[in-house]
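# Working through the structure, step by step
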Amino acid sequence: MSRKNLQHIQLKKSINSNVENKTLEHVNYAAGIPPYLRGPYATMYIEKPWTIRQYSGFSTAEESNLFFKKNLKAGQKGLSVAFDLPTHRGYDSDHERVIGDVGKAGVAIDTVEDIKTLFKDLPLDKLSVSMTMNGAILPIVAFFIVAAEEQGVAKEKLTGTIQNDILKEYMVRNTYIYPPEPSMQIVAEIFKYTHKYMPKFKSISISGYHMHEAGATAATELAYTLANGIAYIKTAIKAGLEIDEIAPSLSFFWAIGMDHFSEIAKMRAARMLWAKLIKQFNPKNDVSLRLKTHCQTSGWSLTEQDPFNNVARTTIEAAAAIFGGTQSLHTNALDEAIALPTDFSARIARNTQLFLQEETQITKTIDPWAGSHLVENLTNEIANKAWQIIKEAENLGGMLNAIKANIPKQKIEAEAAKKQARIDSNKDTILGVNKYQLKKEAPLSVLEVNNTAVREQQIKNLNTIKKLRDGKAVKIALEKITTAAKQLEKENKTDINLLSLCINAAKERATLGEISYALETVYGRHIGNNQLISGIYSKEIKNDSSFNKAKELAAYYAQELGKKPKIMIAKVGQDGHDRGAKVVASGYKDIGFDVVIGSLFQTPKEIATQAINNNVIILGISSLAGGHKTLAIKVIEELQKKGKSNIKVIIGGIIPKKDHQFLYDSGIVGIYGPGTRISDAAIEILQNITD
């Protein structure tokens, strides 16, 4: 007899430890000794507990600075900075493409002055700073270094991590700027500079988090993250670094979801597999085999419905990260399925870690699940599944080739569609969503950023800096960046470093957008693959009554009007998180809709034009970054301008209840928040258009 857990791995109800654990080669591996199965350090939390971090940043640098100070005073040990989407995508706040995104999903950064304000009165020589940045990494790291130096802290003393993991952006998160090849050259430039000048600063954090959030199972997240890590190792070696110079500076970043034991096993398997992968490079130092990691509890697992349940979810996930041996941890706040966290919810999230660290005695033991029949076998099974996926990628010539072939993206999107079908058909339980629902939800106070005010303030600051700086010096500094990028395109020159040139430009007060564009003139902007999968959702949901009713309605519409109901699913603005949009599009296609997928990073005008050109009757907007009150309304205005107000506009994603009436009054005809069953939404849409 057996049952399946959420990762689709067979778990035996009983295991004979005398027989089965003897077949597991890894069970006797100790902490602090390669392959580090039970932990990267011999004593783990007994001597040094994990670092408590909170991923935060919103609105202006001034607002975020105050938030940082509050958190540090309340027990947080390190900073983890969230940047807004325009910053990620290399745009200044005054750019026409970012009207609804400035300051919404993170802090707006346009110049080195913003970074100086962000870290004002914070001791950067004593504080570890983690920055989640990939696309616009060169200007952000340059601003950080210049800001520190102008506050009296030498770059050699800076500690922390920059994410610098561009490969996963092409797979799931989509906050890229340039194509893959030049982006990997930029990664190499960061490696070379930080190795030479910033010995305490980790030059990359290789992220599985966003794969998990996009729908990947534990084995898939693990495999592609480690495979990306090998791609970065090879890039560093090609750039002239030795394995023992680059490997110890790498760190990893895992998402931790609700499948408790699989998440523990995933982290243990990760350390074991990484040591195995690094051995092929013949390191002389065992530290090179050591996988160190940051973890964050899952944002996807949080629910808008009955949101105080999210406190329990986050606690369970945090415990799994700790049992798995994380080196630092971020715990999500209860309201993050709805909006940015308030001070109230952020305090609960932070205190969750303090309780686990100071009240539970968890820190008094090393790998407490070591020897568990369940966890040891899960570790083995996840490791084996991940190893097969890694080998598949390597057989293609590595992750860069796999990404170009769109294989990881398609695999993760298929797993996401399958998961959604299991939830919609009640095979997987989500409390408050498909079981034990509240008849009436109590209102929850949420934080809202005044996007218009933030953008106006940023533009004012930009204009002031441009008036005060030496325009000629800025132009020369930017031209040097462009020239160097052209030279590096032709040959791997060791006497040029793009980060060094960006630092010089930052000192002259070149903006983030200007530095990014100096490279864009050489590299161009990457356009992602927008292929739609089908058949996965319907195969998993099978004979669900709601799904069958939706199919019947779609078939009736097609028969009566002679064509399938045509819907366009679009992301608006700079938000690249497209799991929801892709899953919904896949579900609608399986129901019987004719589905058009909008391109990423479109303006409201571009979306309206694409919808009209494709002759759709429904336009579905996916909004996850808080821009719905600005961007969705502008889409409706553009349709009206073009005389196409007959196209019905619906919206899904993270939409606080308090905004619903405003959206309805503005012309939105349907709002579908997190937890809405795809088939239920489809039925409502089809009934509206057939009435």
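On a predicted model such as this, the values are computed, not experimentally measured, just so you know. (Residues numbered from 1 in each chain as written. Predicted model: local features only at pLDDT ≥ 70, side-chain atom pairs only at ≥ 80, totals over all residues. Heavy atoms only, no water.)

### A look at the pattern of salt bridges
Under the defined criterion, the tally for this structure stands at 38 salt bridges. Between Glu169 and Arg173 there is a salt bridge; the shortest N-O distance is 3.1 Å. Of this pair, Glu169 and Arg173 both sit in helix H6 (residues 167–173), 4 residues apart, which is roughly one turn of the helix. Here Glu169 matches Arg173 in class, with each residue buried. (Salt bridge = Lys/Arg side-chain N within 4 Å of Asp/Glu carboxyl O. Helix = DSSP H or I, 4+ residues; strand = E, 2+ residues; numbered from the N terminus. Buried < 20%, exposed > 50% of the residue type's maximum accessible area, 1.4 Å probe, protein only.)

### Remarks on the pairing of strand S9 (residues 250–256)
Taking burial as the measure, the 7 residues of S9 include 7 buried ones, the bulk of the element. Going residue by residue along S9, you find Leu250, Phe252, Trp254 and Ile256 tucked away on one face and Ser251, Phe253 and Ala255 tucked away on the opposite face as well. Bridge count for strand S8 (residues 204–207) against S9 is 4 bridges, and the pairing is parallel. Residue pairing in the sheet places Ile204 in a bridge with Leu250 of S9. Bridge count for S9 against strand S10 (residues 293–297) is 5 bridges, and the pairing is parallel. The partner of Ile256 across the bridge, within S10, is Thr297. In terms of handedness, the path from S9 via helix H11 (residues 260–279) over to S10 forms a crossover that is right-handed. (Pairing = 2+ DSSP bridges. Right-handed = clockwise from strand over helix to strand, strands pointing away.)

### Thoughts on the sheet that holds strand S6 (residues 159–162)
As summarised here, the arrangement of the 9 strands in space is S7-S6-S5-S4-S3-S11-S10-S9-S8, forming an open sheet in which the pairing is parallel. Looking at strand neighbours, the two that pair on one side only are strand S7 (201–202) and S8, the edges of this open sheet. The pairing of strand S3 (residues 51–56) with strand S4 (residues 78–81) spans 4 bridges and is parallel. Across the sheet, residue Tyr55 finds its bridge partner in S4, namely Ser80.

### Description of the packing of helix H7 (residues 180–197) against helix H19 (residues 498–507)
Across the interface, H7 lies against H19 with an axial gap of 8 Å and an inter-helix angle of 80°. Between H7 and H19, the crossing angle belongs to the class labelled roughly perpendicular. Touching Ile186, Glu189, Ile190 and Tyr193 of H7 are Leu498, Leu499, Ser500 and Ile503, all from H19. (Axes fitted to C-alpha atoms, helices over the stretch in contact; angles between N-to-C directions. Parallel < 35°, antiparallel > 145°, perpendicular 65-115°, else oblique. Contact = heavy atoms within 4.5 Å.)

### Overview of the domain arrangement of the protein chain
Bring the parts together and some accessible area is lost; that lost area is often taken as the interface size. The domain boundaries assigned to the protein chain delineate domain 1 (44–424) and domain 2 (536–690). Relative to domain 2, the C-alpha centre of domain 1 lies at a distance of 32 Å. A per-residue breakdown of the area domain 1 buries against domain 2 is headed by Arg97, Glu304 and Asp424, which together make up 23% of the total. Here Arg422 and Glu540 are joined by a salt bridge, their closest N and O atoms 3.0 Å apart. The interface formed by domain 1 and domain 2 holds 14 residue pairs in polar contact (both at pLDDT 80 or more) in total. Counting residues per element, the ones that place at least two in the side of domain 1 that touches domain 2 are H6, helix H8 (209–214) and helix H16 (407–424). Here the side of domain 1 that touches domain 2 gets 11 residues from one element, more than from any other, and that element is H16. When grouped by side-chain class, the residues that make up the side of domain 1 that touches domain 2 number 16 nonpolar, 7 polar and 14 charged. (Domains from an automatic or database assignment. Buried area = accessible area lost by both parts, 1.4 Å probe. Polar contact = N/O pair within 3.5 Å; in protein donor to acceptor, adjacent residues only side chain to side chain. Nonpolar A, V, L, I, M, F, W, Y, C, P; charged D, E, K, R; others polar.)

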